[in-house]
Amino acid sequence: MTELEGPVSDRQTMDVDVVCVGFGPAMGGFLTTLSRCLLTPDGTPAVESRAMPGMPPQVLCYERADDIGFGVSGVVTRGRGIRQSFPDLDLSQIPLAAPVAHETVVYLLDPIGASRRSPLLRAADRCIRALRHLLPYKHEALNLPYVPPFLRKDGGLLLSIGQFNQWVGSQVMGTGAVQIWPGTPVAKPLWEDGRVAGVRLTDQGTDLQGRPEAGFLPGMDIRAALTVIGDGPVGPIGRQLDERLGLPEGHHRREWAVGAKVVVDLPESSTLEPGTVLHTFGYPEPEIFGFLYVYPGRIASAGIFVPSWFDSPVRTSYRYLQHWMLHPYLWQHLSGGRLRSWGAKTLQESGRRGEPHLAGDGFVRIGEGSGSTNVLTGSGVDEAWTTGVLAAEGVLELLRVGQPFTKANLERAYVARRRVNWVEAEGHVAEKARDGFTRGVVSGLVGMALAGLTRGRVAMPGKSLPPAKRLPTIEEYYAARIGPEEIARIRQDCAARGLSLHNALMDRCGWPAVSYDGQLLVSHQDALLMGGKVQAPPGYADHVVFLYPNLCETCGTRICIEMCSGQAITAGDKAVPAFDREKCIHCGACLWNCAVSHPDDPERSAIEFRGGTGGLHSAEN
Ligand SMILES: Cc1cc2nc3c(=O)[nH]c(=O)nc-3n(C[C@H](O)[C@H](O)[C@H](O)COP(=O)(O)OP(=O)(O)OC[C@H]3O[C@@H](n4cnc5c(N)ncnc54)[C@H](O)[C@@H]3O)c2cc1C
Ligand code: SF4
Ligand code: SF4
């Protein structure tokens, strides 16, 4: 029985051999490897297409963002997989790329007294301050004398993900063997007789609810023998597969983070050398890690990670990013700098434990959505790339011998390759590395060190829960600092004046107002316009959907409003929050931050995040 949906009479169909979802580093690795082997040097097919006999296999890749270089990431990477794909890699060909020169890990103390520190951490801070003349202490920060080997990126690369993706895309398309289509979100996988038979693209010419309007163009069905899914941490195609197939026994996806970052022109006086890597922890909240990487041309990439185990029900990344930049240790480098671009994006931090079914009849999963990101080494790009390479090697093996893309064949040709690869081995080492954070920051840091130094043999135990189950109410979270009556008053005032609650609560807890300089410290709205250049073309349905308005109506936290990276979710004038797709940067953070579990699945939240167009328009993030 076919499960292909209809009947939209004018829905078009196209047959190809391989259809790919998303163009991030994982798909870069897949298409780089595949495209080199589809044609012989004289341009004739090395293997034959089934969709178009006599031709090489037809390979199409659809990317939802308006350009293939609009991703968001760090990136410092050991680059083992990337270098293996490009043994003669010439970094001067990739704008903003540099070899890693110098790495430092820095513990940031709280210079203003507003950070929510445990008594243990406060005691540690007092000791450090008392002994500061004996320690490498400067600018309210302690330089750790040693970078643990599991964090080190010796011989590695600094990249801008946008520039790197553009460079890879041009190499891949230059082969003539593959087409990449940006600005084309995939809506859903097509199921046929229990196998994935391709994908459906999103409808165009609709209202915000997806109802046809003038100029309606139903999304095309792209039928393919193989669908390669590399749609990243919050990708809707991967998640639809998970909803249907479930995760393998014992696996779950409960650990997330939102990474928020800026790309900055450093001041002329900057003494930071290209290739410099700074990792920070301890401030603005102890749970928030930070990074600063220096590219050539006095340009830096800097940002923070706000993790799901930071249990604040108003966790906002934008304001915390500004307080982090203003820490004296970072401000000594950033003061006088200028914002070039800005962005935020979710990371899937469950790693190997969040691994879905990697292959099935007609599909394979690659990249972060396939559980490749390593939370111990803080590394996802090279891991994602390598899973793409392994998938391509498996696919080529099957194409050459003319075997179909069945689950059994893909398990043998792709999954088996993955099981003996370094991504898998290191993923196992990292598997329990962050469990300690479910009990507190200090036990989390100790757990990471233990797991890293013992190659995963010892770790701090901890019980992970889906974010919605961990999240306290605002009243519970602020119990020691603000009484419930005052919180009620602040809430009322914010609602009446249309102000953001998280800002008011942070102000009340002693966080100083950020004074905007119009250059680097700008309002959130200005960051969207200046730094993110956020846009969304008309004629598409909303991609963020509040699935259960009745649950939103009774939701006490409404964290989706407070944490939205683009201020795209607002209180609106109804009990259900309002969504403005023209401000959405597709970071995906609302998906896992929502405070309420899905009624049918406690591991999901009450928000749906679908394939959609638009978002950030910066090729530097
Ligand atoms: C702020 C930040 C800093 C980071 N720093 C580092 C670092 O220093 N080092 C490191 O190694 N890693 C870092 N990472 C992690 C790294 O960026 C990811 O692990 C990596 O990008 C994963 O690659 P991917 O190809 O699997 O997914 P992605 O890069 O997420 O790519 C997936 C692509 O699929 C597209 N897509 C999604 N849905 C659809 C759809 N429906 N239709 C079509 N296309 C779709 C997306 O637009 C995206 O382009 C960082 C991440 C962030 C956010
Ligand atoms: S989407 Fe989730 S967090 Fe937002 S109001 Fe609804 S239930 Fe609450
Ligand atoms: S609405 Fe958009 S910008 Fe806001 S959290 Fe969700 S995905 Fe991110």
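This text follows the structure it describes.
Residues numbered from 1 in each chain as written. Chains lettered and ligands numbered in written order. Predicted model: local features only at pLDDT ≥ 70, side-chain atom pairs only at ≥ 80, totals over all residues. Heavy atoms only, no water.

Draft legend 1. Fine view of the layout of surface pockets. In this model, the second largest pocket occupies a volume close to 950 Å³. In terms of lining, the second largest pocket is formed by 37 residues, of which the most central are Gln 209, Ala 541, Asp 542, Val 545 and Arg 610. When residues of the lining of the second largest pocket are traced back to their parent elements, those giving at least two are β10 (186-192), β11 (195-201), α5 (236-245), β22 (544-546), β24 (578-579) and β27 (607-609). By residue number, the principal contributor to the lining of the second largest pocket is α5, which donates 4 residues. For the lining of the second largest pocket, the class distribution of residues is 15 nonpolar, 10 polar and 12 charged. (1 Å grid on protein atoms, 1.4 Å probe; cavity = no way out; pocket = protein on both sides within 12 Å on 5 of 7 lines; lining within 4 Å. Points joined across faces, edges and corners; volume = space filled by probe spheres on them. Helix = DSSP H or I, 4+ residues; strand = E, 2+ residues; numbered from the N terminus. Nonpolar A, V, L, I, M, F, W, Y, C, P; charged D, E, K, R; others polar.)

Draft legend 2. Inspection of the packing of aromatic side chains at higher detail. Applying the stated rule across the entire model yields 16 aromatic pairs. Measuring from ring centre to ring centre gives 5.8 Å for Tyr 283 and Trp 511, while their planes differ by 45 degrees; the resulting arrangement is tilted. You can see Tyr 283 sitting in the loop between β16 (276-281) and β17 (289-295) and its partner Trp 511 sitting in the loop between α15 (501-508) and α16 (524-532), a full 228 residues away along the chain. For the pair shown, Tyr 283 and Trp 511 are each scored as buried. Put simply, the rings of Phe 86, Phe 164, Trp 167 and Trp 385 pair up and form one aromatic cluster. For the cation-ring pair, Arg 80 lies above Trp 422, with the distance from its terminal atom to the ring centre recorded as 3.9 Å. We note Arg 244 situated over the ring of Trp 191; from NZ or CZ to the ring centre the distance is 3.9 Å. (Phe/Tyr/Trp six-rings, centres within 6.5 Å; stacked < 30°, edge-to-face > 60°. Buried < 20%, exposed > 50% of the residue type's maximum accessible area, 1.4 Å probe, protein only. Lys NZ or Arg CZ within 6 Å of the ring centre and 35° of its normal.)

Draft legend 3. Geometry of empty space enclosed by the protein. Inspection of the entire model under this criterion finds 10 cavities of 30 Å³ or more. Lining the largest cavity are 14 residues, with Glu 349, Ser 350, Val 375, Ala 430 and Glu 431 positioned closest to its centre. Classifying every residue of the lining of the largest cavity by side-chain character gives 2 nonpolar, 5 polar and 7 charged.

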